[in-house]
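Coordinate inspection notes
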Amino acid sequence: MSQINFHSDFYEAIKDGNKTQTARVDEPAPELGKGEAIFDDKPSIEIRITKVTHKNFKELTIAEIKKDGFDTKEELWSVLLGFYPDLKQTDHLMLIEFKTV
């Protein structure tokens, strides 16, 4: 079972099913199937990992950005830079899609 760590700011959005994707850089790809969303200060959430794809930020569609829980590319880019300060818009992202169980 794959475990994916999340910042606790995303807890409610994941729990409520409003965030169904996460973008990661330089992390191993999780296995499809049963998984767990892990938070530092909140209970874990059981998830099912349904898809893993790779593309750069410039290639992201609005639909993909909305799956990540954001309304605009600018919002997502700002958050990604908080986690990955050296990220460039041409760097490859791993997009992990999941559903809460």
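Think of each chain on its own: its residues are numbered from 1, step by step along the sequence as written. Per-residue local features are limited, in this predicted model, to residues with pLDDT of at least 70; the limit for side-chain atom pairs, both in listing and counting, is 80 or more; totals at the level of whole chains, interfaces and linings are taken over all residues. Just so you know, side-chain values use all the structure's heavy atoms and leave hydrogens and water out.

1. Regarding unusual backbone geometry
Excluding glycine, a negative phi dihedral is what most residues carry, and trans is how most peptide bonds are arranged. With a phi close to 55°, Asp26 is a non-glycine residue in the positive phi region. Per the convention used, a helix needs a DSSP run of H or I reaching at least four residues, while a strand needs a run of E reaching at least two, with both numbered from the N terminus. Within the secondary structure, Asp26 is located in the loop between β2 (21-24) and β3 (33-38). For Asp26, a relative accessible area of 80% puts it in the exposed group. Only protein chains enter the accessibility calculation, which uses a 1.4 Å probe; a residue is then buried when its area is under 20% of its type maximum, exposed when over 50%, and partly exposed in between.

2. Examining helix α3 (residues 73-83)
Those residues of α3 that fall on the buried side of the exposure criterion are Leu76, Trp77 and Leu80. Take α3 and look down its axis: the buried residues cluster within an arc of 100°, on one side only. Opposite the buried face of α3, by more than 90 degrees, sit the exposed residues Glu74, Ser78 and Gly82. The elements touched by buried residues of α3 are β2, α2 (62-67) and β5 (92-100). The arc in question is the one traced by the directions running from the helix axis out to the C-beta atoms. Residue contacts are defined here by distance: any two heavy atoms, one from each residue, within 4.5 Å place the two residues in contact.

3. Comments concerning the packing of aromatic side chains
Classification of ring pairs uses Phe, Tyr and Trp, with its six-membered ring standing for Trp, and accepts pairs whose centres are within 6.5 Å; under 30 degrees between planes counts as stacked, over 60 as edge-to-face, and the remaining range as tilted. Scanning all chains against the criterion turns up five aromatic pairs. Among the aromatic side chains, those forming a connected cluster through ring pairs are Phe6, Tyr11, Phe39 and Phe98. The ring of Phe10 has Lys19 lying over it, and the distance from NZ or CZ to the ring centre is 4.6 Å. The lysine or arginine in question, Lys42, covers the ring of Tyr11, its NZ or CZ lying 5.8 Å from the ring centre. In this scheme, Lys NZ or Arg CZ marks a charge over a ring once it lies within 6 Å of the ring centre and within 35 degrees of the ring normal.

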